[in-house]
Amino acid sequence: MTRIIAQARKDLTQILRDRLALALALILPLGLTALLGTAISLTVTDIPLVIQDLDQTPLSRQYADAFRSSLTFRVVALPPATSPETALAVGRARAALIIPEHFAREIRRGRLAETQLLVDATDTNTALLTRGGADQITRAFAQQLGPAASSPTVYAATRLWFNPGREPRKFYGPGMFVLALSIFPPLLAALAMSREGEQKTILQVYVSSISAHEFLLGKILAGITIGLVQWFLVLALMFTLFGLRLAGDPTPLLVGSFLFLFCVVSFGSLVGAAIPNQAAAIQAVAMGGFLLAFLLSGLIFPVENIPAALRWISELVQARYFVVVVRDAFLQGGGWPAAWWAVLAIGIIGLVYYGLAWRTLRHMQVKA
Amino acid sequence: VKRGLRRLWEGRFWALALKELRQIRRDRRLTISLIVPPLLQILLFGFALDADVRDLRLGIVDESRTAESRELISVITENRTFRLDGSYPTTAALERALGAGHLDVGVVVPSDFARLRARGRPATVQVLLNAVNANTAQIAQGHVEGAVGWLNRRLDAARASANAGAAAEPPVADVSEGPALAASRVGPGRVEIRTAFLYNPGLVTAWFTVSGVFGTLIILNGSLVSAGTMIREKERGTVEQLLMTPASALEVIAAKILPLFVLLMGMAGLALAVAWLAFHVPFRGSLWLVLTACACCVLTGIGIGTFISTLARSANQTLLISFFVNPPLAALSGAFTPIEAMPRWIQPWTLLNPIAHFAAISRSVLVKGAGLEVVYPHLLALVGFSCLLVGISAWRFRRQLG
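Below you will find a few notes about this structure. Please read all numbers here as calculations on a predicted model, not as lab measurements.

Criteria and cut-off values
Counting restarts for each chain: residues are numbered from 1 in the order of the written sequence. Written order decides the labels, with chains lettered from A and ligands numbered from 1. Totals for whole chains, interfaces and linings use all residues, but because this is a predicted model, local features are given only for residues with pLDDT of at least 70 and pairs of side-chain atoms are given and counted only at 80 or more. The basis for every side-chain value is the complete set of non-hydrogen atoms in the structure, without hydrogens or water. Ring geometry is summarised as follows: Phe, Tyr and Trp rings, the Trp one being its six-membered ring, pair when their centres sit within 6.5 Å, and such pairs are stacked at plane angles under 30 degrees, edge-to-face over 60 and tilted between the two. Secondary structure elements follow DSSP: runs of H or I no shorter than four residues count as helices, runs of E no shorter than two count as strands, and numbering proceeds from the N terminus. Note on exposure labels: buried denotes an accessible area under 20% of the residue type's maximum, exposed denotes more than 50%, and partly exposed covers the range between, all computed with a 1.4 Å probe on protein chains only. Placement of a charge over a ring requires the Lys NZ or Arg CZ to be within 6 Å of the ring centre, with the centre-to-atom vector within 35 degrees of the ring normal. For a helix, the expected span equals 1.5 Å multiplied by the number of residues minus one. Two N or O atoms count as a polar contact when they lie within 3.5 Å, although within protein this holds only if one can serve as hydrogen donor and the other as acceptor, and sequence-adjacent residues are included solely when both atoms are side-chain atoms. The salt bridge criterion pairs a side-chain nitrogen of Lys or Arg with a carboxyl oxygen of Asp or Glu, the two atoms within 4 Å. Two residues form a contact once any of their heavy atoms are found within 4.5 Å. When two components associate, each loses some accessible surface as probed by a 1.4 Å sphere; the sum of these losses over both components is called the buried area. By convention a nonpolar core is built from buried Ala, Val, Leu, Ile, Met, Phe, Trp, Tyr and Cys residues, the set being connected through side-chain atoms within 4.5 Å.

## Some remarks on the packing of aromatic side chains
All names here are of chain A.
Logical step 1: Throughout the structure, instances matching the rule amount to 19 aromatic pairs over all chains.
Logical step 2: Taking the centre distance of 6.0 Å and the plane angle of 85 degrees together, the rings of Tyr-321 and Trp-341 count as edge-to-face. One end of the pair, Tyr-321, is in helix H13 (residues 318–332); the other, Trp-341, is in helix H14 (residues 336–367), with 20 residues separating them in the sequence.
Logical step 3: Tyr-321 sits in the buried class, given a relative accessible area of 8%.
Logical step 4: Every member of this aromatic cluster is reached through a ring pair, and the members are Tyr-63, Phe-67, Phe-73, Phe-103 and Phe-141.
Logical step 5: If you follow Arg-327 out to its NZ or CZ, it ends over the ring of Phe-171, 3.8 Å from the centre.
Logical step 6: Above the ring of Trp-358, the side-chain terminus of Arg-362 is found at 4.7 Å from the ring centroid.

## Digging into helix H12 (residues 354–367) of chain B
Since the α-helix packs 3.6 residues into each turn, any two residues three or four apart lie on the same face.
All names here are of chain B.
Logical step 1: Spanning 14 residues, H12 covers 19 Å between terminal C-alpha atoms, matching the ideal 20 Å at 1.5 Å per step.
Logical step 2: Measuring from the side-chain oxygen of the N-cap residue of H12 to the backbone nitrogen of Ile-355 gives 2.9 Å; that N-cap residue is Asn-353.
Logical step 3: Following H12 by one or two positions, Gly-369 has its phi on the positive side, about 70 degrees.

## Section: the pattern of salt bridges
Logical step 1: Scanning the entire structure with this criterion turns up 14 salt bridges over all chains.
Logical step 2: Among the salt bridges present, the one from Asp11(A) reaches Lys10(A), with a minimum N-O distance of 3.9 Å.
Logical step 3: For Asp11(A), a relative accessible area of 2% corresponds to the buried category.
Logical step 4: For Lys10(A), a relative accessible area of 32% gives the class partly exposed.
Logical step 5: Asp46(A) serves as the salt-bridge partner of Arg344(B), at 2.4 Å between the closest nitrogen and oxygen. Taken together, the positions of Arg344(B) in the loop between helix H11 (315–331) and H12 and Asp46(A) in the loop between helix H2 (19–39) and strand E1 (47–53) put the pair across two chains.
Logical step 6: For Arg344(B), a relative accessible area of 58% corresponds to the exposed category.

## Overview of the interface of chain B and chain A
Logical step 1: Opposite the 99 residues of chain B that make contact, chain A presents 103 residues.
Logical step 2: When chain B packs against chain A, close to 9,300 Å² is buried across both sides, 65% of that on carbon and sulfur atoms.
Logical step 3: Taken together, chain B and chain A are joined by four salt bridges.
Logical step 4: A salt bridge links Glu340(B) to Arg94(A), with the nearest nitrogen and oxygen atoms 3.2 Å apart.

## Overview of the nonpolar core
Logical step 1: Counting 171 residues, the largest nonpolar core has Phe177(A), Leu295(A), Phe322(A) and Phe214(B) as the members making the most contacts within it.
Logical step 2: Top element by residues in this core is helix H7 (residues 168–198) of chain A. It accounts for 16 residues.
Logical step 3: Residue contacts for Leu295(A): discarding those within four places in its chain leaves Phe290(A), Ile306(A), Leu44(B), Phe45(B), Ala48(B) and Leu49(B).
Logical step 4: Judged by nonpolar contacts, the second largest core, of 32 residues, contains Leu160(A), Phe82(B), Phe113(B) and Ala131(B).

Structure (structure tokens):
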């Protein structure tokens, strides 16, 4: 035990001396989480819209005003002698509303008045939101028109749970919490381990009396210590900048976080032991940690949308389970019944990484 | 004089450039990082970054248990947005399942649903949506409301035709349209909006991501690779040897940049080919325009990489420093998420991001088929960035040599 602590102290001292690594460990997680958490969102408001009103009646203007006053759209002027298609092609607007001639007359005669919405579908998600917004406005406008036609038989009362304001920050904030913890702790662990290989100091470890498990546990302990500091920093950011509160029992989050740190630090140590070159190890962790956590864990985009051929990979990514634990702790508040399996999965993946790192460690001597 | 100058330039310059090329080729890690990460990234990003809303798990509490309630449920689950996951005996059980994350949407049909509907009185159906993911919730809400609206119109039409006997207008003609097309066709004084999706009518998300990620790929990998090559002389202490050659500092820098430029353009071509072959991104506009923008992007990437290498002392330091540069650059580029969805105060800053300009160009040209007359502001900005960054980094590199 004393040997484990001594090893951990040595590694911590090495990191504290490296100012660049220290900045990377403490400042970058905070900065990145704040930046990504605020900047990333898929929900576009203020979609630029041009309106071509061929009818020019009070009623058609009233319809156009409904679009103008909505938060989803921002009406930009259509320059004279420009077709709506051109406005879309040059990127002046993302959508174009065309109100046909005789719009008001058709309505007054009780016939169907058909307007057209052209949507720039280059960004598919925004295109869907645009259509949804326009549909809603049109439905509301139609209901205002005649009391006879306005009483719907079936009425859907929608309740939005867990995030009633549909605030993107509350969704992406916890995601970035996971992202920061899946990049930086393993990065430092990989650096510390591959340094031993690169500078051949691993040979000194072999001739010392420390066992492989003690050496590895010491490294992991140092990694977890730094990881916990990062965890506190980023958690403070969640409470302040993102306005999140713990929704229920916090113990799954605490246990899950500890296991997750153990898991990613073991992963970093594994990579560092396998690649005795610091630069290459950094790149491998960046690719593995960042790409897998960013893409295959449901941070931004639902895991269910990944093609089945790739989806099985996400089952092996520890961040995918930690996302479940963190979102549950901050938003849903389901506690252990909802999150026990994810915590368990993180622990199992962590043990697998630890075992692999221990095995690889025994071959480091050959490479050095 | 002219010929002599040219011979001098060519002979020495090519010798240096060849030396760089051979060094890069022998460095296995650099060769790998020129090919593997870009390919992997474009494939992963293209396949995995998909915000499409489909197959949401739907749970139902059917207290009514009538043909009418089943009709409502079948209307909601008709398209692929929702997938019926299970029925629950009570609302409390449904709420528990929603809280535990087993469900995304819950629908509660009240016991008096059929009775109220038969009397023509409004019947309220409760829809519970897990709104943790704001985007999914918004689109799902639109789908539910659209489906219910469609059902209402069908009921109205049925009632109208029952009342009037043979109606003048055939109102049920649009049943085949499905509830996703929330269009009101029937009834007096109705307004309908028809939506046409231009440029990407099939709503293929990969076209958006791939055309945007492309620029991220070029700049990020380009800067990593060029930082790796630029730092090598410094790390191994061969700078003195370079200084002893008759080559001027400018020649040394140019000879370092040229092979990198050629290799990175090759990487960009590879990525374009993948975009075309694997994701069928349409190449509607001029390929030359895209390649010009690629060239600017590659130069920008080289500039960033060289600049980072002048700050660092070793290869792993260049990588650590690039952690401070690359993620913000990628996140604020609009490649993954639309710039319009960012907070208002961040949006102007994206004008300083070369990746954002490149994404705008590649999306306009590839997907929308736009020409130079549309994208020239972005291209000018890119040219400006590449000149500026290559200039600054060449100057710093030269100072280091001196």
